[in-house]
Amino acid sequence: MCGIFGYIGPRDPVPIIMGGLKSLEYRGYDSAGVAIIQDGQLQIRRCSGKLKNLEELVAKQPLTGQYGLGHTRWATHGRPTEENAHPHRDCKGRIVVAHNGIIENYIDLKRKLLEEGHKFTTETDTEVIAHLIEKHFEGNLEQAVFKTLAQMRGLYAFTVVSADDPQKIVAVREGAPIIVGSVDGEGFVASDVPAVLPYTRSILFLDDHEVAVVARDGIHLFDSSGKSRTPQFQHITWD
Ligand code: GLU
């Protein structure tokens, strides 16, 4: 089990994402990474080992920006190295994905993408998601995600951002847990509720085959084919 944490809002996303990953540490992991979007550019820091290593890296090579994603990885496909640590990018470095779970048909998908000229830089199954979204991207991130989901088999959850469709985080649930939190101009995505409780108690539990678009002005919910749904937020009363 890995941890995913995403933040969009007016505050500095880096300490919020690092804190979110810390509260997901109990799930176990072997490497970690963070991706931040600043003025249309993606910046990534990743390392193997504990979050302390990532904290030291971010202290040496600081990141600033408007929103982003963090990930703690439990390797299933590929060694627990820095190269295989999430988030993972497409060929152009404009799309970045943090993923939990397994893509069963990734070998077939990767073979086709390689034939089409995509360049892979990791041993993970996850990287096919970034390249599929790149292939389907025509300016709207969630539309590219719906087309990508139609090609993927497996049990997973992921979050994705694109520098070319800014100011949104798209979160997907297909058999692995992911929740979304929203409050006054801020949006959160996490693998588990306690990670967002310091910020909000208004939580949307995604069901399987659901996709949430998280933005500063709120959450839009869809099924995996792109049909709009009404989000049912729950108020969490426990600590
Ligand atoms: N299968 C992916 C990988 O090996 C995700 C693992 C996870 O859930 O952390 O990178």
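As shown above, the structure is provided for reference.
What counts, and where the lines are drawn
Throughout this document, residue positions are counted from 1 along each chain, in the order its sequence is written. Local features in this predicted model are restricted to residues of pLDDT 70 or higher, and side-chain atom pairs are both shown and tallied only at a pLDDT of 80 or more, whereas totals for entire chains, interfaces and linings draw on every residue. Only hydrogens and water are set aside; all other atoms, that is, all heavy atoms of the structure, feed into the side-chain values. Strands are runs of DSSP state E lasting at least 2 residues, helices are runs of H or I lasting at least 4, and numbering of each runs from the N terminus. Summary of the burial criterion: residues with accessible area below 20% of their type's maximum are buried, those above 50% are exposed, and those between are partly exposed, where the area comes from a 1.4 Å probe applied to protein chains only. We call a residue near a molecule or strand as soon as one heavy atom of that residue lies within 4 Å of the molecule or strand. Contacts described as polar in this section are N or O atom pairs within 3.5 Å, which, within protein, must combine one atom able to donate a hydrogen with one able to accept it, while residues neighboring in sequence count only if both atoms come from side chains. Note on areas: Shrake-Rupley, 1.4 Å probe, and residue coverage restricted to the protein chains presented here. Throughout this description, the term nonpolar core refers to a set of buried Ala, Val, Leu, Ile, Met, Phe, Trp, Tyr and Cys residues connected via side-chain atoms within 4.5 Å. Any pair of cysteine sulfurs within 2.5 Å is marked as a disulfide. Throughout, a contact is declared for two residues whenever any of their heavy atoms are within 4.5 Å. Note on pairing: two strands pair once DSSP finds at least 2 bridges between them. Simply put, an axis is a line fit to the C-alpha atoms, just over the touching stretch for a helix, and the angle between two N-to-C directions goes from 0 to 180 degrees.

## Here's the deal with the environment of A35
(1) Moving on: Along the chain, A35 falls in strand 2 (residues 31–38).
(2) Moving on: A relative accessible area of 1% places A35 in the buried class.
(3) Moving on: Between the alpha carbons of A35 and G65 there is a distance of 9.6 Å; along the sequence they are 30 residues apart.

## Some remarks on the site of the ligand
(1) Moving on: Looking at the ligand, there are 14 residues lining it, with R73, T76, H86, G101 and D125 nearest.
(2) Moving on: H86 places a side-chain nitrogen or oxygen 2.7 Å from an oxygen atom of the ligand.
(3) Moving on: For the ligand, the accessible surface in isolation is 300 Å², of which the surrounding protein chains cover 98%.
(4) Moving on: Of all elements in the fold, only strand 4 (67–73) and strand 6 (95–103) reach the threshold of two or more residues within the shell around the ligand.
(5) Moving on: The leading source of residues in the shell around the ligand is strand 6, at three residues.

## Section: the nonpolar core
(1) Moving on: Within the largest apolar cluster, 27 residues are counted, with the highest numbers of intra-cluster contacts made by I133, V145, M152, F158 and V160.
(2) Moving on: Those elements that place two or more of their residues in this core are strand 6, helix 3 (106–115), helix 4 (127–136), helix 5 (141–149), strand 7 (154–162), strand 8 (169–174) and strand 12 (210–215).

## Observations regarding the state of the cysteines
(1) Moving on: According to the stated counting rule, one finds zero disulfides in the structure shown.
(2) Moving on: The cysteine C2 is free of any disulfide, with C47 supplying the nearest cysteine sulfur at 16 Å.

## Some details on helix 5
(1) Moving on: Within helix 5, seven of the nine residues are buried, which leaves the element mostly enclosed by the surrounding structure.
(2) Moving on: Turning to helix 5, its buried residues are L141, E142, A144, V145, F146, T148 and L149.
(3) Moving on: Looking at the buried side of helix 5, the elements it contacts are helix 4, strand 7, strand 8, strand 12 and strand 13 (218–223).
(4) Moving on: Capping the start of helix 5 is the job of one residue whose side-chain oxygen sits 3.2 Å from the backbone nitrogen of E142: N140.

## Here's the deal with the sheet that holds strand 15 (residues 234–235)
(1) Moving on: Spatial strand order, 3-2-4-1-10-9-11-15: eight strands in an open sheet with antiparallel pairing. Each of the sheet's edge strands pairs with one partner strand only, and the pair in question is strand 3 (41–48) and strand 15.
(2) Moving on: Against the sheet, helix 2 (residues 51–60) touches strand 2, strand 3 and strand 4, its axis set at about 135° to strand 3.

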